[in-house]
Amino acid sequence: MCIVIGMSTADVVLALLSRGPAHGYDLKRGHDTWFDQGRPLAFGQVYATLARLERDGLAAVAHTETGGGPERTVYEITPAGRARLAAWVAEPAEPAAPGADELIRKTVAALRLGLDPAGFVARQRAAHLRRMRALEQTPATDPTSRLVVEHAVAHLDADLRWLEVAAGYVSTDGAAAPVQLLHHVAAGDHSDDSPDDQSDDSPDDHSDDRSRA
Amino acid sequence: MTPPSTPGDLPGTPPPDHLAATVPVPAGAVLEAHGVQHAYRRTVALRGVDLRVDAGEVVAVTGPSGCGKSTLLHAAAGLLVPQAGTVTLLGRDLARLTEDERALLRRREVGIVLQFGQLVPELTAVDNVALPLLLDGHPADGARRLALDWLERCGAEDVAATMPSDMSGGEAQRVAVARALVTGPSVVFADEPTGSLDTLAGRQVLGLLVAAVRERGASLVIVTHDNTVAARSDREVRLVDGTVASEAVLR
Ligand SMILES: Nc1ncnc2c1ncn2[C@@H]1O[C@H](COP(=O)(O)OP(=O)(O)OP(=O)(O)O)[C@@H](O)[C@H]1O
Ligand SMILES: [Mg+2]
């Protein structure tokens with residue numbers, strides 16, 4: 001399971017280094033504690049990242065430890081590194097682009113081709129709920145790591161709400177309006193406006209029209 | 001925290017088998033509903049729904065607003081006799097019981113949390129919670145002590161002496177949960193409060209209910225719009241337009 005997607009390793013290593021001088025192993029452990037639901041950081045990646053940070057003047061070698069065991073290089077953040085870290089945190093992350101997700105690809109294909117879209121939505125819903133259940137049972141080591149779990153839960157919840165919208169578009173011939181589905185994602189509109197609304201004059205109650213269109 | 005004792009520990013408790021079982025309990029099932037249909041004056045709410053709940057199982061009933069969740073819950077809990085189909089709850093065919101017998105079954109063996117406020121407006125929280133015990137002739141001080149235990153367990157001890165009109169939506173819901181659990185029911189039916197609670201407060205109360213039911217090994221049918229609540233169940237039954245659209249085993 002990889003919850004932290006697109007996280008720039010260099011920026012995280014810089015963030016970890018800002019807490020004080022550290023060697024590669026410290027940084028790996030720090031990373032894996034911060035993102036304990038994510039993929040552990042490989043040693044090779046730590047050292048490659050440190051080399052890059054050093055080359056770019058964002059980190060520097062502080063000293064070399066030779067206490068009994070193998071030599072260990074301790075790195076520290078430079079003023080340029082601190083500036084870069086501050087700028088990184090200050091800049092909002094790019095909201096995820098719609099349409100680039102396997103969930104959306106499969107849903108659109110199932111709806112467009114009429115490949116048992118209702119069954120697809122039901123199976124996907126079950127898969128999402130099972131993952132959510134597993135996440136909810138994950139013991140939280142500290143409040144911030146709980147926060148990372150909650151991000152994953154919130155994403156699953158958003159997907160589930162979107163799937164409800166998709167389920168409302170399922171018609172007998174399987175044809176639907178996936179373009180509008182994507183608009184739902186783009187607008188971040190996960191509100192409870194399923195086309196199953198009971199009222200006859202509901203603006204959303206056009207599922208039949210859509211399938212005929 | 002140790003759970004408060006059940007009313008079985010109180011003196012003067014009537015024996016639980018006060019109602020003759022008209023139908024044998026299906027092995028493992030506490031609830032079996034078959035072909036349940038129900039229509040209100042102009043609306044068909046249920047179009048032939050089957051629902052089985054095993055002992056110790058937590059089942060979430062989900063679906064879009066108006067799909068029939070509350071109607072199904074009311075039929076399963078014996079608050080409503082559906083126009084067609086059978087409901088067997090704890091071995092009793094509900095349609096064959098009198099209204100009084102159904103009321104007694106609900107009070108003694110079933111816990112119910114309804115969607116809309118259902119506390120008795122003239123009673124304090126502790127008296128609301130003690131009410132099912134008092135109605136069954138339990139001594140008042142024992143009933144109140146147990147009611148206080150459950151209020152505390154549900155995080156509502158601060159409003160023990162408060163009237164329902166002076167409670168927040170979340171507090172009233174906690175009190176309702178305490179009242180549903182005070183008799184030590186083997187089945188609990190809960191309809192998610194809508195409107196009165198913000199999502200987080202609602203989740204906390206329902207989470208508490210699920211935990212309490214699991215600890216006791218009781219069964220729970222919980223109606224919810226909240227995916228994170230559904231994800232705490234063992235099985236999700238999804239209704240769309242009065243029929244079961246899908247089921248998912250989650251455990
Ligand atoms: N007492 C009633 N009289 C007339 N129609 C009713 C009554 N109760 C429910 N209905 C209708 O029956 C249908 C099913 O209602 P029900 O309350 O079971 O839905 P629900 O799934 O619980 O909805 P919600 O999620 O909004 O609580 C709806 O169309 C509703 O308008
Ligand atoms: Mg309802």
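Values in this document were obtained by computation on a predicted structure and should not be read as measured data.

Caption draft 1: Expanded view of the overall build of chain A. Helix and strand counts for chain A come out as nine helices and three strands. Secondary structure elements of chain A, listed N to C terminal, follow the sequence α-β-α-α-β-β-α-α-α-α-α-α. Out of the 213 residues belonging to chain A, those deemed buried represent 36%. Summarising the internal contacts of chain A: among those between residues at least 6 apart in sequence, 55% fall at separations of at least 24. On chain A, roughly 12100 Å² of surface is accessible, and the fraction owed to carbon and sulfur atoms is 54%.

Caption draft 2: Quick peek at the site of ligand 1. Ligand 1 sits among 13 residues. The nearest are B:Ser65, B:Gly66, B:Lys69, B:Ser70 and B:Thr71. Around ligand 1, the neighbouring residues derive from chains A and B rather than from a single chain. At 2.8 Å from an oxygen atom of ligand 1 is found a side-chain nitrogen or oxygen belonging to B:Ser70. B:His225 places a polar side-chain atom, nitrogen or oxygen, 3.1 Å from an oxygen atom of ligand 1. Calculation on ligand 1 without its partners gives an accessible area of 630 Å², and the protein chains cover 66% of this total.

Caption draft 3: How the structure looks around unusual backbone geometry. Residues and elements named next belong to chain B. Non-glycine residue Leu 90 carries a positive phi angle of around 50 degrees. Counting through the fold element by element, Leu 90 comes out in the loop between strand S4 (84-89) and strand S5 (92-93). With relative accessibility at 13%, the residue Leu 90 sits in the buried group. Located in the positive-phi region is Asp 241, a residue other than glycine, with phi close to 50 degrees. Its location among the elements puts Asp 241 in the loop between strand S9 (235-240) and strand S10 (243-249).

Caption draft 4: Structural view of the pattern of salt bridges. A complete count under the given rule lists 28 salt bridges over all chains for this structure. When the shortest N-O distance is used, the salt bridge between A:Asp116 and A:Arg123 registers 3.6 Å. A salt bridge links B:Glu99 to B:Arg106, with the nearest nitrogen and oxygen atoms 4.0 Å apart. Residue classification places B:Glu99 among the partly exposed residues on the basis of a relative accessible area of 47%. The class for B:Arg106 is buried, based on a relative accessible area of 17%. What emerges from the salt-bridge pattern is a single network uniting A:Arg125, A:Glu164, B:Glu236 and B:Arg238.

Cut-off values and rules
Residues numbered from 1 in each chain as written. Chains lettered and ligands numbered in written order. Predicted model: local features only at pLDDT ≥ 70, side-chain atom pairs only at ≥ 80, totals over all residues. Heavy atoms only, no water. Helix = DSSP H or I, 4+ residues; strand = E, 2+ residues; numbered from the N terminus. Buried < 20%, exposed > 50% of the residue type's maximum accessible area, 1.4 Å probe, protein only. Contact = heavy atoms within 4.5 Å. Areas by Shrake-Rupley, 256 points an atom, 1.4 Å probe, with all protein chains shown as cover. Near = heavy atom within 4 Å. Polar contact = N/O pair within 3.5 Å; in protein donor to acceptor, adjacent residues only side chain to side chain. Salt bridge = Lys/Arg side-chain N within 4 Å of Asp/Glu carboxyl O.

Any functional reading would require information beyond the geometric quantities listed.
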